[in-house]
Amino acid sequence: QHQEHGHSSPGHALQRRQRGLGQRRRHAAAEEQIAAVHDDVDAIELAGSATRKFFAQRLGDGWADHGNRALKNEEAIHAFLEQLVHLRAKSFEERPDVSAKLAASARKQPRYLVSFTSRQGTVTKLSIGKIEGALWAAIDGRDGVAFELYPETEGIFEKSPARR
């Protein structure tokens, strides 16, 4: 009733603040999950509609394939893998309904699907889809949270050793 006249009751304001706090907590948790991956990556697998399958696992100071054979062009591969591990979110979608749709779309038809395996064997999957001209990503285990990646991110994949 108050909103019809452009006013908001204290109860509505509290609900909006609580929704915003919950959204910020989900965003912070997603950022923490991404940050935790950075320090602990033992293997990376890349797949998706815009790339051929690629796999690399740590072998001493370098990277190897499934058969523990050192990957050729080590310097370029190392640079590519470092860029993957350090991807950053440009922004998070604040509207829960829109965020859930973007996350579902990124998971349903990923342009890029990156799986990071930790030293403990935990797999974190990052699904990246191109939606309305922007790269949107979702992390498994963070349902309903979608975040936009910087436009330069696509260049990382375009120059990758896994390029089609």
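The structure presented is a predicted model; accordingly, all values stated were derived computationally and were not measured.

Enquirer: Help me out: how do you make sense of the overall build of the protein chain in this one?
Expert: Along the backbone of the protein chain there are four helices and eight strands. Along the protein chain, helices (α) and strands (β) appear in the sequence α-β-β-β-α-β-α-β-β-β-β-α when read from the amino end. Expressed as a percentage of contacts within the protein chain between residues at least 6 apart in sequence, the contacts between residues at least 24 apart total 56%. For the protein chain, the accessible surface area stands at approximately 9,800 Å², while carbon and sulfur atoms represent 48% of it.

Enquirer: How should the sheet that holds strand β6 (residues 123-131) be read in this particular structure?
Expert: Read from one edge of the open sheet, eight strands run β3-β2-β1-β5-β6-β7-β8-β4, paired in antiparallel fashion. Each edge of the sheet is formed by a strand with only one pairing partner; in this case those strands are β3 (62-64) and β4 (89-92). For this sheet the average axis-to-axis angle between neighbouring strands, irrespective of direction, equals 30 degrees. As judged from the three bridges shared by β4 and strand β8 (residues 147-149), these two strands associate in the antiparallel manner. From the neighbouring strand, Ser 91 faces β8, where its bridge partner is Glu 148. Across the sheet, helix α2 (residues 74-85) lies against β1 (41-47), β2 (54-59), β3 and β5 (112-118), angled at about 90 degrees from β1, the strand it touches most. The sheet strands contacting helix α3 (residues 96-108) are β6 and β7 (134-139), and the helix crosses β6 at an angle near 100 degrees.

Enquirer: Would you mind going over the packing of aromatic side chains with me for this structure?
Expert: Pairs of aromatic rings are described using the distance from one ring centre to the other and the angle between the two planes. Evaluation of the coordinates by the stated rule reveals three aromatic pairs. A ring pair is formed by Phe 92 and Phe 147, whose centres lie 5.5 Å apart and whose planes are at 45 degrees; its orientation type is tilted. Taken as a pair, Phe 92 in strand β4 and Phe 147 in strand β8 lie far apart in primary sequence, 55 residues in all. Residue classification places Phe 92 among the buried residues on the basis of a relative accessible area of 13%.

Enquirer: Looking at this model, I keep getting lost on the side chain of Ser 127. Mind explaining?
Expert: Looking at where Ser 127 falls in the secondary structure, it is placed in strand β6. Not counting chain neighbours up to four residues away, the residues in contact with Ser 127 comprise Ala 106, Arg 107, Pro 110, Tyr 112, Leu 113, Trp 136, Ala 137 and Ala 138.

Enquirer: Could you clarify how one ought to interpret α2 in this entry?
Expert: Note: α-helices contain 3.6 residues per turn, so residues at a spacing of three or four share the same orientation. Here α2 spans 16 Å end to end across twelve residues, near enough to the 16 Å set by a 1.5 Å rise per residue. What α2 keeps buried is the set Ile 77, Phe 80, Leu 81, Leu 84 and Val 85. Axial view of α2: buried residues confined to an arc of 135 degrees, hence all on one face.

The rules behind the values
Residues numbered from 1 in each chain as written. Predicted model: local features only at pLDDT ≥ 70, side-chain atom pairs only at ≥ 80, totals over all residues. Heavy atoms only, no water. Helix = DSSP H or I, 4+ residues; strand = E, 2+ residues; numbered from the N terminus. Contact = heavy atoms within 4.5 Å. Areas by Shrake-Rupley, 256 points an atom, 1.4 Å probe, with all protein chains shown as cover. Pairing = 2+ DSSP bridges. Axes fitted to C-alpha atoms, helices over the stretch in contact; angles between N-to-C directions. Phe/Tyr/Trp six-rings, centres within 6.5 Å; stacked < 30°, edge-to-face > 60°. Buried < 20%, exposed > 50% of the residue type's maximum accessible area, 1.4 Å probe, protein only. Expected span 1.5 Å × (residues − 1). Arc of directions from axis to C-beta.

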